[in-house]
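Structural overview for review
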Amino acid sequence: MPPPSAPKGTHDLLPDASAAWRWLHGVHAEVTELHGYRLVDTPMFEHTELFERGVGTGTDVVDKEMYTFTDRGGRSLTLRPEGTVGVLRAVLEHRLTEEVRPLRAHYAGPMFRADRPQKGRYRQFHQVGVEAIGERAPALDVEVVEMGRRFLDALGITGVGLQLNTLGDLDDRLRYREALLGYYRPLVDRLCDDCRRRLEINPLRVLDCKRDQGLSVEAPLITDSLSEASTAYFAAVQEGLVAARVPFSLNPRLVRGLDYYAHTAFEYWHSSLQGAQNSLGGGGRYDGLAEALGFPATPGIGYAFGVERLLLIAGEQGTAPAAEPACDAVVCSIDPAQAPAAAEVARLLRAAGVRTVLDASDRKIDRKLRTANRLGARVCVIVGEEEAREGAATVKDLGRRTEERHAAERVVDAVHGALRGNAA
Ligand code: AMP
């Protein structure tokens, strides 16, 4: 039997990549908290019905991509394919919007879709996102879109375009639906199998087809089906974005795959990512979702960014931090007799905030020094027989290749001094 490997479509976060990972999550929390959003964390699995009702049967996500299982109690559960439905469920279940509207929340975590894996597309991937729940106002749409832009700017990522569209309200979409049916029905023979099925369930999704044979180019536009009120709403969002100096391109074909979107829909596209994988993140207003889930009608808007794709671009553009060393200092004993004294020195250093690895193994000192270098340590503190007897330690500056013996109470200062000198 071959040794085990990670399941297809998943990936491991390894220590060298952890600084960039943490940076990205930190930047997202910082930017969103600057706007009054607070962290929420919801379960990685929910009742399957929640996604069926919320994301919608007839969508690829629900029909083909969900990881669904039956638990021991015979309940059908599903690993969350996206974050909005769970966050909305949590906010409304705990009645948070009764006190504050809109309720502003940010989240981060893994999502699961049984998609075909390729570059930038995984079966377990990660998103950072926000939801603003309980208010419908163009200014809130602007806030969310602008915050996404600020997040990308804070990551230092360039070359990102904002695609903007409106999906109108329910009546607009019913009118649009009829217009699309009128257009596509005579062309049904040229649609793929999936789209023939989609056409009757939700013709908007036909516009999203990855195997489209150019038919969508001539298809009617949502803008022609909008009521006056929806047109005014969309105009106010655009004005707000102009005032916020957030550039955008209108894209009347941007429909997004999920059922519950209304009014504003947007995506951030990056030119260096190819095809369907060019979207770094996207979001929109989901005014019909709460009702679809069985809660009182509650409007909301949010976005989600793909962490792996952002890190790919940030890595290529050199804006993500490099791997961080495991420690600042390594404390080594020369032989096992000094292990307790070395351990005590390590304790002192850690208490003083120095990231310290203790090497009290019985390996030879030159091997210990090599390991200290590999760990990225800038200082090695050596406790040999003489040092232990005198209650001292030798502080070796690995950068400058100097060393000095110090009494135990001076070691922390000496290490701090060496680290400062090295950092200069
Ligand atoms: P969505 O929830 O489909 O709107 O996706 C939002 C963002 O999540 C996308 O723009 C991608 O950056 C990311 N994303 C979606 N699906 C995947 C996937 N299978 N693998 C990696 N990232 C994904």
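Right above here is the structure, for reference.
Since the structure is predicted, the reported quantities are computational estimates derived from the model, not experimental observations.

Scoring rules and cut-offs
One numbering rule holds for all chains: residues counted from 1, following each sequence as written. Residues qualify for local features only when their pLDDT is at least 70, as the model is predicted, and side-chain atom pairs are given and counted only at 80 or more; totals for whole chains, interfaces and linings, by contrast, use all residues. Excluding hydrogens and water, the side-chain figures rest on all heavy atoms present in the structure. Helix and strand assignments follow DSSP, with helices taken as H or I runs no shorter than four residues and strands as E runs no shorter than two, numbered in order from the N terminus. With the radius of gyration taken over C-alpha atoms, the globule rule is written as 2.2 Å times the number of residues to the power 0.38. Burial classification: accessible surface area is computed with a 1.4 Å probe over protein chains only, and a residue below 20% of its type maximum counts as buried, one above 50% as exposed, and the rest as partly exposed. Only buried Ala, Val, Leu, Ile, Met, Phe, Trp, Tyr and Cys residues count toward a nonpolar core, and they belong to the same one when joined by side-chain atoms within 4.5 Å. Contacts between residues were defined by any pair of non-hydrogen atoms, one from each residue, lying within 4.5 Å. Think of the arc as the fan of directions from the helix axis to the C-beta atoms. Charged-residue counts in this description rest on Lys and Arg as positive and Asp and Glu as negative, His and the chain ends being excluded. Salt-bridge detection follows one rule: a side-chain nitrogen of Lys or Arg within 4 Å of a carboxyl oxygen of Asp or Glu. For two strands to pair, DSSP has to find at least two bridges joining them. Here the axes come from fitting lines to C-alpha atoms, over the contacting stretch only for helices, and the angles between their N-to-C directions go from 0 to 180 degrees. Pairing of aromatic rings covers Phe, Tyr and Trp, the last through its six-membered ring, and needs centres within 6.5 Å; plane angles under 30 degrees mean stacked, over 60 mean edge-to-face, and all others mean tilted. By definition in this entry, angles of less than 35 degrees are roughly parallel, angles greater than 145 are roughly antiparallel, angles of 65 to 115 are roughly perpendicular, and the rest are oblique. Each crossing is labelled by how the near helix is turned from the far one, with a counterclockwise turn of less than a right angle marking it left-handed and a clockwise turn marking it right-handed. Gly is put with the polar residues, along with every residue not named as nonpolar or charged; the nonpolar set is Ala, Val, Leu, Ile, Met, Phe, Trp, Tyr, Cys and Pro, and the charged set is Asp, Glu, Lys and Arg. Think of a polar contact as two N or O atoms within 3.5 Å of one another; within protein, one of them needs to be a possible hydrogen donor and the other a possible acceptor, and neighboring residues in sequence only count if both atoms come from side chains. Buriedness for pockets is judged along seven lines, at least five of which must meet protein on both sides within 12 Å for an open set on the 1 Å grid over protein atoms alone, while cavities are sets there where a 1.4 Å probe fits but cannot get out, and lining residues have an atom within 4 Å of a point. Grid points are joined across faces, edges and corners, and a volume is the space filled by probe spheres set on the points.

The next point concerns the overall build of the chain. When helices and strands are counted, the chain shows 14 helices and 16 strands. Compactness check: the chain gives a C-alpha radius of gyration of 28 Å against a globular reference of 22 Å for 424 residues, more than 25% above the reference. For the chain, the spread of C-alpha atoms along the principal axes amounts to about 90 × 55 × 40 Å. When the 424 residues of the chain are sorted by exposure, 50% land in the buried category.

All right, on to the nonpolar core then. Counting residues in hydrophobic clusters, the biggest one holds 46 residues, and the most contacted among them are Val 85, Leu 88, Leu 180, Tyr 184, Leu 191, Leu 207 and Leu 289. Broken down by secondary-structure element, the contributors of at least two residues to this core are helix H2 (48-56), helix H3 (60-64), helix H4 (84-93), strand S5 (103-112), strand S6 (124-133), helix H6 (170-184), helix H7 (193-201) and helix H9 (289-293). Residues contacting Leu 207, with those up to four places away along its chain left out, are Tyr 176, Leu 180, Tyr 184, Ser 216, Ala 219 and Val 255. Counting residues in each nonpolar core, the second largest holds 38 residues, with Ala 20, Tyr 37, Val 145 and Val 307 among its members.

We now examine H7. Looking only at H7, the buried set comprises Asp 194, Cys 195, Arg 198 and Leu 199. Projected down its long axis, H7 carries its buried residues within an arc of 135 degrees, all on one side.

This brings us to the side chain of Glu 65. Here Glu 65 is to be found in the loop between H3 and strand S3 (67-70). Despite its burial, Glu 65 pairs with no opposite charge; the closest candidate is Arg 113, at 4.8 Å N-O. In contact with Glu 65, not counting residues within four places along its chain, are Asp 60, Phe 112, Arg 113, Ala 114 and Asp 115.

Now for the sheet that holds strand S2 (residues 45-47). Across the sheet, which stays open at both edges, the three strands sit in the order S2-S4-S3 with antiparallel pairing between neighbours. Bordering the open sheet on either side are S2 and S3, each of which pairs with just one other strand. Taken pair by pair, the neighbouring strands of this sheet meet at an average axis angle of 35 degrees, ignoring direction. Bridging between S3 and strand S4 (residues 76-79) involves four bridges; their strand directions are antiparallel. Residue Thr 68 lies in a different strand from S4, and its bridge partner there is Thr 78. Against the sheet, H2 engages S2, S3 and S4, with an angle of about 80 degrees to S2.

Spatial strand order, S1-S5-S6-S11-S10-S9-S7-S8: eight strands in an open sheet with mixed pairing. Unpaired on one side and paired on the other, strand S1 (38-39) and strand S8 (249-250) mark the two borders of the sheet. Bridging between S5 and S6 involves 10 bridges; their strand directions are antiparallel. Note on S6: the bridge partner recorded for Phe 112 is Gln 124. Each of strand S7 (160-166), S8, strand S9 (262-270) and strand S10 (279-285) touches helix H8 (residues 228-243); the most contacted strand, S7, lies at about 160 degrees to it.

Time to look at the packing of aromatic side chains. Tallied over the entire structure, the rule returns six aromatic pairs. With a centroid separation of 6.1 Å and 75 degrees between ring planes, the pair formed by Phe 45 and Phe 69 is classed as edge-to-face. Of this pair, Phe 45 sits in strand S2 while Phe 69 sits in strand S3; the two residues are 24 residues apart in sequence, bridging distant segments of the chain. Take Phe 69: its relative accessible area is 34%, and that puts it in the partly exposed class. Ring pairs connect the aromatic residues Phe 151, Phe 266, Tyr 268, Tyr 303 and Phe 305, which therefore count as one cluster.

Scanning the model with the defined rule gives 26 salt bridges in all. For Arg 149, the salt bridge identified is with Asp 153, shortest N-O distance 3.8 Å. In this pair, Arg 149 and Asp 153 both sit in helix H5 (residues 138-155), four residues apart, roughly one turn of the helix. The salt bridge partner of Arg 185 is Glu 200, with a shortest N-O separation of 3.0 Å. With Arg 185 in the loop between H6 and H7 and Glu 200 in helix H7, this residue pair connects regions lying 15 residues apart in the sequence.

With that settled, the discussion passes to unusual backbone geometry. Most peptide bonds take the trans configuration, and most residues that are not glycine carry a negative phi. Along the chain, Arg 101 connects to Pro 102 via a cis peptide bond; the corresponding omega equals -5 degrees. Along the chain, the position of Pro 102 falls in the loop between H4 and S5. Positive phi values are uncommon outside glycine, yet Arg 95 reaches one of about 55 degrees. Even without a glycine there, the phi angle at His 263 is positive, about 55 degrees. Counting through the fold element by element, His 263 comes out in strand S9.

Further remarks concern the packing of H5 against H8. As a packed pair, H5 and H8 sit with axes 8 Å apart at the nearest point and diverge in direction by 45 degrees. In terms of their interaxial angle, H5 and H8 are classed as oblique. Here the hand of the crossing between H5 and H8 comes out right-handed. Two secondary-structure elements touch here, H5 through Pro 138, Asp 141, Val 142 and Val 145 and H8 through Tyr 233, Ala 236, Val 237, Gly 240 and Leu 241. Here the residues of the contact of H5 with H8 are counted per class, giving seven nonpolar, one polar and one charged.

Residue placement: Thr 166 occurs in strand S7. Looking at Thr 166, its side chain comes within polar contact range of the main-chain nitrogen of Gly 168, at 3.1 Å. Once residues within four sequence positions are removed from consideration, Thr 166 is found in contact with Ile 222, Leu 226, Phe 234, His 263 and Thr 264.

Turning to empty space enclosed by the protein, a few remarks are in order. Empty space among the atoms can be located by rolling a probe the size of a water molecule over them. Inspection of every chain in the model, using the stated rule, returns one cavity of 30 Å³ or more. In this structure, the largest cavity occupies an estimated 40 Å³ of space. Surrounding the largest cavity, Val 40, Asp 41, Thr 42, Arg 80, Gly 83, Val 87, Tyr 107, Ala 108 and Met 111 form its lining. A total of three residues in the lining of the largest cavity trace back to one element, the largest contributor, which is S5. Among the residues forming the lining of the largest cavity, the class breakdown is five nonpolar, two polar and two charged.

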